[in-house]
Amino acid sequence: MAERETMCCDSVEVHQELLKIVNETMPEETELYDLAELFKVFGDSTRIRILFVLFEAEVCVCDLAEVLHMTQSAISHQLKILKQSKLVKSRREGKSIFYSLADEHVRTIIAQGQEHIEE
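Residues numbered from 1 in each chain as written. Predicted model: local features only at pLDDT ≥ 70, side-chain atom pairs only at ≥ 80, totals over all residues. Heavy atoms only, no water.

Novice: What is the right way to read the nonpolar core from this model?
Specialist: In a soluble, globular protein the nonpolar side chains are often hidden away together inside. Counting 21 residues, the largest nonpolar core has Ile50, Leu51, Leu64, Ile75 and Leu79 as its most contacted members. Listed by contribution, the elements that provide at least two residues to this core are helix 3 (45-56), helix 4 (61-68), helix 5 (72-84), strand 3 (96-101) and helix 6 (104-118). By residue number, the principal contributor to this core is helix 3, which donates five residues. Setting aside its immediate chain neighbours within four residues, Leu51 contacts Phe42, Leu82, Val88, Leu101, Val106 and Ile110. (Core = buried A, V, L, I, M, F, W, Y, C linked by side-chain atoms within 4.5 Å. Buried < 20%, exposed > 50% of the residue type's maximum accessible area, 1.4 Å probe, protein only. Helix = DSSP H or I, 4+ residues; strand = E, 2+ residues; numbered from the N terminus. Contact = heavy atoms within 4.5 Å.)

Written out as structure tokens, the structure is:
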């Protein structure tokens, strides 16, 4: 039978100097919460697919629904979440609303994720 890897130290030894550095650099709880909420948004493959479309072009809900083979209602629901998280922005042109990436950070986050899973 294979030996199970233990996730605990064999003895208790607190490294105070290390803990001091960690405590000084740890972000506020609200910032950690907001960061966790942001990453939750990336936890849905439909939203990731929408972002990949927006990497290529500014598009309206009709275009997104067509290219992703989904209903406009389903796309609108996901766009609302992406917009609330400040990952996409919109602009009105006549009767259409066009969506695009909010900024280049979105592309960077996805690219970093891709690099990580491809290692």
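Novice: Just checking my understanding: could you explain the layout of surface pockets for this structure?
Specialist: Taking a probe equal in size to a water molecule and rolling it over the atoms shows the remaining empty space. By volume, the largest pocket amounts to about 220 Å³. Lining the largest pocket, in full, are Asp34, Glu37, Leu38, Val41, Gln84, Ser85, Lys86, Leu87, Asp103, His105, Val106 and Ile109. Among the elements of the structure, helix 2 (29-41) and helix 6 are those that each provide at least two residues to the lining of the largest pocket. The greatest single-element share of the lining of the largest pocket, amounting to four residues, is contributed by helix 2. (1 Å grid on protein atoms, 1.4 Å probe; cavity = no way out; pocket = protein on both sides within 12 Å on 5 of 7 lines; lining within 4 Å. Points joined across faces, edges and corners; volume = space filled by probe spheres on them.)

Novice: I'm lost on the pairing of strand 3 in this one. Help?
Specialist: Every regular strand shows the same layout, with side chains that alternate between the two sheet faces. Alignment of strand 1 (residues 59-60) against strand 3, held across two bridges, turns out to be antiparallel. Each residue of the ladder has a partner; that of Cys60, found in strand 3, is Phe98. In this sheet, strand 3 lies alongside strand 2 (residues 88-93) in antiparallel orientation, the contact comprising six bridges. When the sheet's bridge partners are listed, Val88 is paired in strand 3 with Leu101. (Pairing = 2+ DSSP bridges.)

Novice: Mind showing me how you'd approach unusual backbone geometry here?
Specialist: Excluding glycine, residues mostly carry a negative phi; peptide bonds, for their part, are mostly trans. Notably, His69 is not glycine yet its phi reads approximately 55°, a positive angle. Phi at Lys86 takes a positive value of approximately 60°, unusual for a residue other than glycine. Here Lys86 is to be found in the loop between helix 5 and strand 2. Under the relative-accessibility criterion, Lys86 is labelled exposed at 66%.

Novice: How do you make sense of the packing of helix 3 against helix 5 when you look at a structure like this?
Specialist: Helix-helix packing: each pair is described by the crossing angle between the helix axes and the interaxial distance. The interhelical angle for the contact between helix 3 and helix 5, taken along N-to-C directions, is 80°, at an axis separation of 10 Å. Comparing the axis directions of helix 3 and helix 5 gives the class roughly perpendicular. Every residue of helix 5 that contacts helix 3 at Thr46, Arg47, Ile50 and Leu51 is listed here: Ile75, Gln78, Leu79, Ile81 and Leu82. Residue composition of the contact of helix 3 with helix 5, by class: six nonpolar, two polar and one charged. (Axes fitted to C-alpha atoms, helices over the stretch in contact; angles between N-to-C directions. Parallel < 35°, antiparallel > 145°, perpendicular 65-115°, else oblique. Nonpolar A, V, L, I, M, F, W, Y, C, P; charged D, E, K, R; others polar.)

Novice: Before we go on, may I ask you to explain a negative patch on the surface in this structure?
Specialist: A grouping of Glu28, Glu29, Glu31 and Asp34 is seen on the molecular surface, where their side chains present a negatively charged patch. Inspection of the secondary structure assignment puts Glu29 in helix 2. (Patch = residues over 30% accessible without salt bridge, like charges linked within 9 Å, V, L, I, M, F, W, Y side chains within 5 Å. Areas by Shrake-Rupley, 256 points an atom, 1.4 Å probe, with all protein chains shown as cover. Salt bridge = Lys/Arg side-chain N within 4 Å of Asp/Glu carboxyl O. Lys, Arg positive; Asp, Glu negative; His and termini not counted. Charge placed at Lys NZ, Arg CZ, Asp CG, Glu CD.)

Novice: Help me understand the pattern of salt bridges in this model?
Specialist: Where charged atoms from two side chains of opposite charge come close, those side chains can pair. Scanning the model with the defined rule gives five salt bridges in all. When the shortest N-O distance is used, the salt bridge between Glu24 and Lys20 registers 2.7 Å. Here Lys20 and Glu24 lie together in helix 1 (residues 16-25), a separation of four residues that amounts to about one turn. Residue Arg91 pairs with Glu58 through a salt bridge whose shortest N-O separation is 2.7 Å. Of the two residues, Arg91 sits in strand 2 while Glu58 sits in the loop between helix 3 and strand 1, which places them 33 residues apart along the sequence. With a relative accessible area of 35%, Arg91 lands in the partly exposed category.

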